[in-house]
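What the coordinates show
Next come the chains, spelled out residue by residue.
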Amino acid sequence: MADKKNILFAAFEASPFIKTGGLGDVSGALPAHLKNEEFDARVILPLLSSIPEEYRSKMKYVTNYEVPLGWRSQYCGLFTLRKGGVMYYFLDNEYYFRRGKVYGEFDDAERVAFFSKAVLETIRYICGN
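Keep in mind the model is a prediction, meaning the values are calculated, not measured. (Residues numbered from 1 in each chain as written. Predicted model: local features only at pLDDT ≥ 70, side-chain atom pairs only at ≥ 80, totals over all residues. Heavy atoms only, no water.)

Structural notes on helix α1 (residues 22-34)
The criterion, for reference: A run of H or I in DSSP counts as a helix once it spans at least four residues, and a run of E counts as a strand once it spans at least two, with each numbered from the N terminus. Each helix should span, by expectation, one fewer than its residue count multiplied by 1.5 Å. Classification of residues uses two cut-offs on accessible area relative to the type maximum, computed with a 1.4 Å probe and protein chains only: under 20% is buried, over 50% is exposed, and between them is partly exposed. In this description, the arc belongs to the directions extending from the helix axis to the C-beta atoms. Contacts were defined at the residue level, with two residues in contact if any of their heavy atoms lie within 4.5 Å.
Its 13 residues give α1 an end-to-end C-alpha distance of 18 Å, which sits within 8% of 18 Å, the value for a rise of 1.5 Å per residue. All of the buried residues along α1 are G24, S27, G28 and P31. Down the axis, α1 shows its buried residues gathered within 95 degrees of arc, on one side only. Here the buried face of α1 lies against β1 (5-10), β2 (39-46) and β5 (86-92).

What follows is the structure in structure tokens.
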């Protein structure tokens with residue numbers, strides 16, 4: 001069999017960690033469904049403050065690095081957790097992700113921009129792991 005094809009799902013929510021609707025359902029279920037001999041499916045999420053402590057306490061710290069965003073650089077911490085045979089990556093930044101709600105903040109566009117840039121920066125730290 002040839003090498004596995006790598007799939008990295010980047011989503012703002014995924015069940016069971018955080019879910020507000022259909023996106024959380026799909027991004028929580030699809031990677032586990034695709035993970036087999038042919039595909040290595042993983043998920044990367046923001047480490048939102050509403051993720052329950054039962055999951056947060058099991059996460060493993062990997063590293064931290066700076067993410068360029070506009071005229072400045074922002075801290076990003078990388079954590080992992082394997083659940084249901086799927087590797088999940090969590091990106092930490094308290095300024096953007098330590099909020100009372102998942103969506104509906106005044107700076108949602110900037111939060112998603114940071115997350116998107118952080119996902120791209122993170123790839124160098126997770127390739128081969």
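Once you've had a look at it, read on.
Description of a nonpolar patch on the surface
Put simply, the rule is: The patches described consist of residues with a relative accessible area above 30% and no salt bridge, like charges being joined within 9 Å and nonpolar side chains (Val, Leu, Ile, Met, Phe, Trp, Tyr) within 5 Å. In this description, accessible areas are obtained by the Shrake-Rupley approach with a 1.4 Å probe, and a residue is regarded as covered only by the protein chains that are shown. A pairing counts as a salt bridge when a side-chain nitrogen of Lys or Arg comes within 4 Å of a carboxyl oxygen of Asp or Glu.
A surface patch of nonpolar side chains, amounting to about 250 Å² of accessible area, comprises L8, L120 and I123. Mapped onto the secondary structure, I123 falls in helix α4 (residues 108-126). The exposure class of I123 is partly exposed, given its relative accessible area of 32%.

Points about the confidence of the model for the chain
Interpreting fine coordinate detail is not advised for predicted regions of low pLDDT. Under the convention used in this document: For every residue, the predictor states its confidence as a pLDDT score lying anywhere from 0 to 100.
When the pLDDT values of the chain are averaged, the result is 91; 97% of them are 70 or greater. At the level of individual helices and strands, the chain shows its lowest average pLDDT in α1, which scores 86, and its highest in β5, which scores 97.

Topic: the pairing of strand β3 (residues 60-69)
Applicable threshold: At least two bridges found by DSSP between two strands are what make those strands a pair.
Note: β3 against strand β4 (residues 72-83), 9 bridges, orientation antiparallel. Bridge pairing in β4 places L69 opposite R72. Between the antiparallel neighbours β3 and β4 lie 2 residues, among them G70 with a positive phi of about 65 degrees.

Some details on the side chain of D92
The criterion, for reference: The positive count covers Lys and Arg only, the negative count covers Asp and Glu only, and His and the chain ends enter neither. Any N or O atom pair separated by 3.5 Å or less is treated as a polar contact, with the protein-specific requirement of one donor-capable and one acceptor-capable atom, and with residues adjacent in sequence counted only for side-chain atom pairs.
Its place among the elements puts D92 in strand β5. Among buried charged residues, D92 stands out as having no salt bridge; its nearest opposite-charge side chain is R56, 5.7 Å away. A polar atom in the side chain of D92 sits 3.2 Å from the side chain of Y75. The contacts of D92, once residues within four sequence positions are left out, are L47, Y75, C76, G77, F79 and F97.

Remarks on the state of the cysteines
Rules: Disulfides are defined as pairs of cysteine sulfur atoms found within 2.5 Å of each other.
The tally for this structure, following the rule as stated, stands at 0 disulfides. C127 provides the cysteine sulfur closest to C76, a residue in no disulfide bond, and the two sulfurs are 15 Å apart. Using a relative accessible area of 0% as the deciding quantity, one classes C76 as buried.

Focus on the pattern of salt bridges
One pass over the structure, following the stated rule, counts 9 salt bridges. Here E110 makes a salt bridge to R72, at a shortest N to O gap of 2.8 Å. Taken together, the residues span a long stretch of sequence, with E110 in helix α4 and R72 in strand β4 at a distance of 38 residues. Given a relative accessible area of 31%, E110 falls into the partly exposed group. E94 is paired through a salt bridge with R98; the nearest N and O atoms lie 3.5 Å apart. A network of salt bridges, in which partner residues are shared, links R99, E105 and D107.

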